[in-house]
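# What the coordinates show
As a plain string of letters, each chain reads:
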Number of protein chains: 2
Amino acid sequence: MKKLEERIVRDGKVISQDILKVDSFLNHQIDPVLMKEIGEEFYRLFKDEGITKILTIEASGIAIASFTAMAFHVPFVFAKKAKSLNIDGDVLTSTVKSFTYGKEYTITVAKKFIRPDDRILIVDDFLANGMALNGLTDIVHQAGAVTAGIGICIEKGFQKGGEEIRRKGYHLESLAIIDKMDETGITFRD
Amino acid sequence: MKKLEERIVRDGKVISQDILKVDSFLNHQIDPVLMKEIGEEFYRLFKDEGITKILTIEASGIAIASFTAMAFHVPFVFAKKAKSLNIDGDVLTSTVKSFTYGKEYTITVAKKFIRPDDRILIVDDFLANGMALNGLTDIVHQAGAVTAGIGICIEKGFQKGGEEIRRKGYHLESLAIIDKMDETGITFRD
């Protein structure tokens, strides 16, 4: 998605060969106009997959899921990283290892919100090692539903997550794939 | 907002006189069509306040802020509950006591995203004791900016937060105010 790549070049900050900050428009301060276009792009890419629900993970996935859900006119659900006292009844859980925070955490979705006949589109801001996605696809699998698509804003193509997820046969679409980045610039995959 | 009250009656679950679950449409599974209408209602209520930015708190505020920001065509920022390793530089922080989780936590916003000339609209899903709002208005104050409005989806009118915030002179608008709830039903303020 040309507009996202241009925005990454203009407003992103390459902190190291691994870390890209996009906190001015994607995951701390958020530009709703760009987000709406991202949601519509995911609709274009996945509109033939029979999507019934969007799934993401708190917190940075929620804005993306909001506009994607709007484009599809379906509800979305976000997996919670803390077990809330306010979630009652049956839950689906999975364990995710976070490299950013250097620890493992449990993600939780109320069972009633993913049904066996759902065709789920998972969306998130970043794909690097794919740990969060493994947790989300695991939850969809536990629910007996189908992960009909995975939509990512920025894939770190130099890390192994994207390759592994494609090898498993998922329909993965990343709006911008970075093959290399350093202080001299960012190289996107064609 | 009639449509929100009707949805609360239809799909909300009164767990006790204090706890209302709206996780099927507001804060776990989310209905984007209702959210868009909520965003447009906040625009109607605050359009004369010269709003330059929306502020909320992760996680359940993010979907509301997304559609409110879209209605205003301004960016939004969400305060983080964990100090991310990826936030660099100067941050504004405040301490919030959570009754839901029974502990205190720190909320953080990068200083660069709230400037002294900003007129901030704070939005959130619930207002009960007003602890999260106190933290958010504190952060706006630290930034030297103005809290020009506070938009809440559901106010628990039987708790003290709303009254205290109105007494401080803030322009607070709650789309649904619950004066009383129990197993026999929910009473909304006119």
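Note that this is a predicted model, so its numbers are computed, not measured. (Residues numbered from 1 in each chain as written. Chains lettered and ligands numbered in written order. Predicted model: local features only at pLDDT ≥ 70, side-chain atom pairs only at ≥ 80, totals over all residues. Heavy atoms only, no water.)

### Quick notes on the packing of helix α2 (residues 32-46) of chain A against helix α3 (residues 61-72) of chain A
Residues and elements named next belong to chain A. Running from N to C, α2 and α3 point in directions that differ by 55 degrees, and their axes come no closer than 8 Å. Between α2 and α3, the angle is such that the two are oblique. As α2 runs across α3, the sense of the crossing is right-handed. Here Pro32, Met35, Lys36, Ile38, Gly39, Glu40, Phe42, Tyr43 and Phe46 of α2 come into contact with α3, specifically with Ala63, Ile64, Phe67, Thr68, Ala71 and Phe72. (Axes fitted to C-alpha atoms, helices over the stretch in contact; angles between N-to-C directions. Helix = DSSP H or I, 4+ residues; strand = E, 2+ residues; numbered from the N terminus. Parallel < 35°, antiparallel > 145°, perpendicular 65-115°, else oblique. Left-handed = near helix turned anticlockwise from the far one by under 90°. Contact = heavy atoms within 4.5 Å.)

### Section: the sheet that holds strand β8 (residues 119-127) of chain A
The strands that make up a sheet are held in pairs by hydrogen bonds between backbone atoms, and each pair lies either parallel or antiparallel. Here we have 7 strands laid out as an open sheet, ordered β11(A)-β10(A)-β9(A)-β8(A)-β4(A)-β5(A)-β3(B), and mixed in their pairing. Of all strands in the sheet, those bounded by a partner on one side alone are β11 (185-188) of chain A together with β3 (29-30) of chain B. Across the sheet, α3 of chain A touches β4 (53-57), β5 (76-79), β8 and β9 (146-156) of chain A, and the angle it forms with β4 of chain A is around 175 degrees. Across the sheet, helix α4 (residues 131-142) of chain A is in contact with β4, β5, β8 and β9 of chain A; its angle to β8 of chain A comes to roughly 170 degrees. (Pairing = 2+ DSSP bridges.)

### Observations concerning the sheet that holds strand β4 (residues 53-57) of chain B
Pairing is mixed across the open sheet formed by 7 strands, whose spatial order is β3(A)-β5(B)-β4(B)-β8(B)-β9(B)-β10(B)-β11(B). The open sheet has two edge strands, β3 (29-30) of chain A together with β11 (185-188) of chain B, and neither has a second partner. Together, β4, β5 (76-79), β8 (119-127) and β9 (146-156) of chain B form the strand contacts of helix α3 (residues 61-72) of chain B, whose direction differs from that of β4 of chain B by roughly 175 degrees.

### Looking at the pairing of β9 of chain A
All names here are of chain A. Counting buried residues in β9 gives 10 out of 11 residues, a clear majority hidden from the surface. For the crossover from β8 across α4 to β9, the handedness is right-handed. Of the strand pairs in this sheet, β9 and strand β10 (residues 172-182) are connected by 6 bridges, and their pairing is parallel. Paired with Ile154 across the two strands is Ala176, which belongs to β10. (Buried < 20%, exposed > 50% of the residue type's maximum accessible area, 1.4 Å probe, protein only. Right-handed = clockwise from strand over helix to strand, strands pointing away.)

### Some thoughts on the packing of aromatic side chains
The relative placement of two aromatic rings is captured by the distance of their centres and the angle of their planes. Residue and element names in this part refer to chain A. Tallied over the full model, the rule gives 5 aromatic pairs over all chains. Seen from their ring centres, Phe42 and Phe46 are 6.3 Å apart, and the 45 degrees between their planes marks the pair as tilted. Taken together, the residues Phe42 and Phe46, both in helix α2 and 4 residues apart, mark about one turn of the helix. Since its relative accessible area comes to 0%, Phe46 is described here as buried. It is Lys156 that lies over the ring of Phe126; its NZ or CZ is 5.3 Å from the centre. (Phe/Tyr/Trp six-rings, centres within 6.5 Å; stacked < 30°, edge-to-face > 60°. Lys NZ or Arg CZ within 6 Å of the ring centre and 35° of its normal.)

### Things to note about the interface of chain A and chain B
With 43 residues of chain A in contact, the opposing surface of chain B contributes 43 residues. Note on chain A versus chain B: buried area summed over both sides is about 3,500 Å², and carbon and sulfur give 64% of it. Joining chain A to chain B, the criterion identifies 2 salt bridges. Linking chain A with chain B are 10 residue pairs in polar contact (both at pLDDT 80 or more). Elements represented by at least two residues in the side of chain A that touches chain B include exactly β3, α2, α3, β5 and β7 (103-110) of chain A. In terms of residue count, the dominant contributor to the side of chain A that touches chain B is α3 of chain A (6 residues). The sheet contact formed by β3 of chain A and β5 of chain B spans 2 bridges and is antiparallel. (Buried area = accessible area lost by both parts, 1.4 Å probe. Salt bridge = Lys/Arg side-chain N within 4 Å of Asp/Glu carboxyl O. Polar contact = N/O pair within 3.5 Å; in protein donor to acceptor, adjacent residues only side chain to side chain.)

### Topic: the confidence of the model for chain A
Averaged over every residue, the pLDDT of chain A is 94; the share at 70 or more is 95%. Complex prediction metrics read pTM 0.96 and ipTM 0.95. (pLDDT = per-residue confidence, 0-100.)

### Concerning the relation of the copies chain A and chain B
It takes a turn of 180 degrees to lay chain A on chain B, together with a shift of 0.0 Å along the axis; the resulting RMSD is 0.0 Å. Look at the turn and shift together and you get a two-fold axis relating the two. With an isologous cut-off of 70% or more, the 100% of interface residues of chain A that recur at the interface of chain B puts this contact in the isologous class. (Least-squares fit on C-alpha atoms with pLDDT ≥ 70 in both.)

### Observations concerning the nonpolar core
Across soluble globular proteins, you tend to see nonpolar side chains buried next to one another. Formed by 74 residues in total, the largest nonpolar core has its most connected members in Leu4, Ile54 and Ile154 of chain A together with Leu4, Ile54 and Ile154 of chain B. By size, the runner-up hydrophobic cluster in this structure holds 26 residues, among which are Val77, Ile107, Phe113 and Leu127 of chain A. (Core = buried A, V, L, I, M, F, W, Y, C linked by side-chain atoms within 4.5 Å.)

### Some words on α4 of chain A
An ideal rise of 1.5 Å per residue puts 16 Å on 12 residues; α4 of chain A measures up with 17 Å between its terminal C-alpha atoms. Positive phi appears at Gly144 of chain A, one or two residues downstream of α4 of chain A, with a value of about 80 degrees. (Expected span 1.5 Å × (residues − 1).)

### Quick look at the environment of Ala65 of chain A
Residues and elements named next belong to chain A. Structurally, the position occupied by Ala65 is in helix α3. A sequence separation of 123 residues divides Ala65 from Phe188, and the C-alpha atoms of the two residues are 24 Å apart. Among all residues touching Ala65, those that are not within four sequence positions of it are Ile54, Thr56, Phe76 and Val123.

### Thoughts on the pattern of salt bridges
Residues and elements named next belong to chain A. In the structure shown here, the tally under the stated rule is 31 salt bridges over all chains. Of the charged contacts in the structure, one is a salt bridge between Glu155 and Arg166, with a shortest N-O distance of 2.8 Å. Here Arg166 lies in helix α5 (residues 161-167) and Glu155 lies in strand β9, a separation of 11 residues in the sequence. Judged by its relative accessible area of 2%, Glu155 falls in the buried class.

### Section: the pairing of β4 of chain B
Residues and elements named next belong to chain B. In terms of burial, β4 is a largely internal element, 5 of the 5 residues being buried. Alternating residues of β4 divide into Lys53, Leu55 and Ile57 and Ile54 and Thr56, and every residue in both groups is buried. Pairing of β4 with β8, which is carried by 3 bridges, proceeds in the parallel orientation. Each residue of the ladder has a partner; that of Ile54, found in β8, is Leu121. In terms of strand pairing, β4 meets β5 through 4 bridges, oriented parallel. Following the sheet pairing, Leu55 is matched in β5 by Val77. Handedness of the crossover is the feature at issue here: the chain leaves β4, passes through α3, returns alongside β5, and the resulting connection is right-handed.

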